[in-house]
Amino acid sequence: MARPAMIIVGSGEAGGCAAVALREAGWEGPITLYGEERHGPYERPPLSKELLTEKEPPKPRPSAEAGRFDELGISHRPNSRVIDIDPAGKEISLHSGQTAHYEKLLLATGARARLMSVPGSEYALTLRSFEDAWALRHLFGAGGHAVIIGGGFIGLELAASAIKLGGRVTLLENQERLLSRAVPAELAQRLHEEHVCRGVRFHFGASVSRVERRAVILENGERIAGDVVICGIGAEPETALARKAGLRAQNGIVTDDRLCTSNPAIYACGDCAASVHPQFSDQPMRFESWQIAREQGALAGRNMAGANERQSIVPWFWSQQYDLHLQIAGLPDLGKSTVVRPLSDDAVLQFYIDGGGRLVGAAALGQLSDVARDMRIAQMLIARKATPDPAVLAATERRLKTLLAA
Amino acid sequence: MEEGWIDACAIDDIEEEDVIGFEHGGHAYALYRTLDDRFFCTDGLCTHEQVHLCDGLVMDTIIECPKHNGRFDFTNGKAKGAPVCVDLKTYETEVRDGRLFIKAG
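From a predicted model like this one, the values you see are computed outputs, not experimental measurements.

## Focus: the pairing of strand β11 (residues 201-204) of chain A
(1) Moving on: Examined bridge by bridge, strand β10 (residues 168-173) of chain A and β11(A) share four bridges and lie parallel to one another. Bridged to A:Thr170 within β11(A) is A:Arg201.

Following this line, the structure appears as structure tokens:
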């Protein structure tokens, strides 16, 4: 019988953090990380930004954890697709025909770009991996006109990158405003204005009827021609493997507040997982965020090693478009009232307070130097379930930091 | 003063438990003041993505990078865990007549 082994499926941020955390939490047996990509864990946030615009030919930027695999005796298997899990026998099967036995298994399978269900959708490029970014870089580098479907974070960040490279952009959004799922209206409006200022042309309420290699045709018959068509309409969790193994999955692989799935030997974390965040709700929630992937990865690793810790993560997200930084912490949707704190002439922070006076979310938009500190303090206040005085939150002459001492 | 020391700022330019940026000779530095009025100096850019640390939050003797919350102990420059893994360079400081001097280079 082989030594009991920990297996991680998925070698993104979450998988890499989990592997390191497992070892640091005292697991001494084998740790194997299987990834479909040919790279080890690397940072995805730059894919829509610096990797497209910087002059140097880009390389994947390895995550901090990837550099420690050798030292920690973590085995990373690239180009490896896990095709099956046998929960009864505690075994996984690889596309190569190999099998491997696990003591505990972590699914960190991530998410994939959502595709449109219209004719010609295969002509639209998507962005998820380093290779996707590489392909876009070559098309963007040639300047020209990019037609982007979807006014979410990926679409807007790509628009900003294309403009930076001297290209033209037309952005098609089927809602009546940008970022309608994720961002409070006032901040989305400010971002919209910035894009308009920079020359992006918008079509709202645009329903795509089909895609051609160099054009998008709308339901109303309008034809928008460009040099490249890009689709950024969100991501879908990779749950196929989990479903096949009989694990509970809805919008993501369902886990408890310790990131354990419906099978006690199998955990899930990151973009693929819908987990319970007990400080906010007893309903599983799924986030697509670099920070959550990292923090959940580390928590899953510790719990697989026996820690039995509940998650107490405050979601935190950022997007950068031109010089504007958008940051969101907590869950603005849970707010019943909003308190506005101006940070400068061109930066604003909004606090979201629930019916009981608790600070449950915050969002800010502006230069990084104006928004970063106060957003970090907001995040800490949210974690503490603070009920700050709204008058202090709104008063720019009062340092927010004083609320942390309370 | 001996060679290599630079007059960086008045000590009251930095609030307690806070940081400001300072540039000299094309190089960015970050200057810190603790709650108990000790002063420190490190390189001004985060070792992760070259972001200005002076926009970050100081908590006790930790500076957090404003972009990805990478943490450093500014008294010795030590990286305090991912995503940062490379330590910050630190510089000697001295207070004279209400001004903060740093030993650059």
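## Re the sheet that holds strand β3 (residues 27-33) of chain B
All names here are of chain B.
(1) Moving on: The strand order across the open sheet built from four strands is β2-β3-β4-β9, with neighbouring strands paired in antiparallel fashion. At either end of the open sheet lies a strand with only one pairing partner, and these are β2 (18-24) and β9 (90-91).
(2) Moving on: Here β2 pairs with β3 via seven bridges, running antiparallel. Residue pairing across strands places histidine 24 opposite histidine 27, the latter belonging to β3.

## Focus on the interface of chain A and chain B
(1) Moving on: With 24 residues of chain A at the interface, the matching set in chain B holds 23 residues.
(2) Moving on: When chain A packs against chain B, the two sides together hide about 1,800 Å² of surface, and 52% of this comes from carbon and sulfur.
(3) Moving on: Ranking the residues of chain A by area buried against chain B places A:Arg373, A:Arg376 and A:Lys401 at the top, with a combined share of 32%.
(4) Moving on: Summed over the shared surface of chain A and chain B, the number is six salt bridges.
(5) Moving on: Across the salt bridge formed by A:Arg373 and B:Asp18, the nearest N and O atoms sit 2.6 Å from each other.
(6) Moving on: Those elements giving two or more residues to the side of chain A that touches chain B turn out to be α8 (290-304), β22 (316-321), β23 (324-330) and α9 (368-383) of chain A.
(7) Moving on: Among the elements that take part in the side of chain A that touches chain B, α9(A) stands out by supplying eight residues, more than any other.
(8) Moving on: When the residues that make up the side of chain A that touches chain B are grouped by side-chain class, the tally is ten nonpolar, five polar and nine charged.

## Thoughts on the UniProt feature "domain: FAD/NAD(P)-binding" (unreviewed entry) in chain A
(1) Moving on: If you check UniProt for "domain: FAD/NAD(P)-binding" (unreviewed entry), the listed places come out as residues 6-297 of chain A in our numbering.
(2) Moving on: Between the end C-alpha atoms of residues 6-297 of chain A the distance is 14 Å, and the span holds 24% helix and 27% strand.

## Brief notes about the pattern of salt bridges
(1) Moving on: Applying the stated rule across the entire model yields 37 salt bridges over all chains.
(2) Moving on: Among the ionic pairs, A:Arg223 bridges to A:Glu212, the shortest N-O distance being 2.6 Å. Of this pair, A:Arg223 sits in strand β14 (residues 223-225) while A:Glu212 sits in strand β12 (residues 208-212); the two residues are eleven residues apart in sequence, bridging distant segments of the chain.
(3) Moving on: The residue B:Lys78 makes a salt bridge to B:Asp87 at a minimum N-O spacing of 3.3 Å.
(4) Moving on: By relative accessible area, B:Asp87 is classed as partly exposed at 36%.
(5) Moving on: Each of the salt bridges in this network shares a partner with another, and the network as a whole consists of A:Arg190, A:Glu194, A:Arg198, A:Asp323 and A:Asp346.

## A look at the packing of helix α1 (residues 13-24) of chain A against α8(A)
Helices that pack against each other are described as a pair by the angle of their axes relative to one another and the distance between those axes.
Residues and elements named next belong to chain A.
(1) Moving on: Viewed as axis vectors pointing N to C, α1 and α8 meet at an angle of 35°, and their least axial separation amounts to 7 Å. Every pair of crossing elements has a handedness; the one defined by α1 and α8 is right-handed. Only Trp290, Ala293, Arg294, Gly297, Ala298, Gly301, Arg302 and Met304 of α8 make contact with α1, whose side of the interface consists of Glu13, Ala14, Cys17, Ala18, Ala21 and Leu22.
(2) Moving on: Here the contact of α1 with α8 is composed, by residue class, of nine nonpolar, two polar and three charged.

## Quick look at the layout of surface pockets
Residues and elements named next belong to chain A.
(1) Moving on: Of the voids in this model, the second largest pocket is the one considered here, and its volume is about 900 Å³.
(2) Moving on: Of all elements in the fold, only α1, α8 and α9 reach the threshold of two or more residues within the lining of the second largest pocket.
(3) Moving on: Among the elements that make up the lining of the second largest pocket, the one with the highest residue count is α8 (seven residues).
(4) Moving on: Here the lining of the second largest pocket gathers at least three residues from each of two domains, domain 1 (6-112 + 236-304) and domain 3 (323-405).

## Quick word on the UniProt feature "domain: Reductase C-terminal" (unreviewed entry) in chain A
(1) Moving on: The UniProt feature table records "domain: Reductase C-terminal" (unreviewed entry) at residues 316-404 of chain A.
(2) Moving on: Each end of residues 316-404 of chain A is marked by a C-alpha atom, and these two atoms are 18 Å apart; helix forms 27% of the span and strand 40%.

## Digging into the packing of aromatic side chains
All names here are of chain A.
(1) Moving on: Taken as a whole and assessed by the stated rule, the structure comprises nine aromatic pairs over all chains.
(2) Moving on: For the ring pair phenylalanine 153 and phenylalanine 317, a centre distance of 4.5 Å and an interplane angle of 45° mean the geometry is tilted. Of the two residues, phenylalanine 153 sits in helix α5 (residues 153-164) while phenylalanine 317 sits in strand β22, which places them 164 residues apart along the sequence.
(3) Moving on: Among the aromatic residues, ring-to-ring pairing joins Trp290, Trp316 and Trp318 into one connected group.

Conventions adopted
Residues numbered from 1 in each chain as written. Chains lettered and ligands numbered in written order. Predicted model: local features only at pLDDT ≥ 70, side-chain atom pairs only at ≥ 80, totals over all residues. Heavy atoms only, no water. Pairing = 2+ DSSP bridges. Helix = DSSP H or I, 4+ residues; strand = E, 2+ residues; numbered from the N terminus. Contact = heavy atoms within 4.5 Å. Buried area = accessible area lost by both parts, 1.4 Å probe. Salt bridge = Lys/Arg side-chain N within 4 Å of Asp/Glu carboxyl O. Nonpolar A, V, L, I, M, F, W, Y, C, P; charged D, E, K, R; others polar. UniProt positions renumbered as here; feature names shortened; annotations may be inferred. Buried < 20%, exposed > 50% of the residue type's maximum accessible area, 1.4 Å probe, protein only. Axes fitted to C-alpha atoms, helices over the stretch in contact; angles between N-to-C directions. Left-handed = near helix turned anticlockwise from the far one by under 90°. 1 Å grid on protein atoms, 1.4 Å probe; cavity = no way out; pocket = protein on both sides within 12 Å on 5 of 7 lines; lining within 4 Å. Points joined across faces, edges and corners; volume = space filled by probe spheres on them. Domains from an automatic or database assignment. Phe/Tyr/Trp six-rings, centres within 6.5 Å; stacked < 30°, edge-to-face > 60°.

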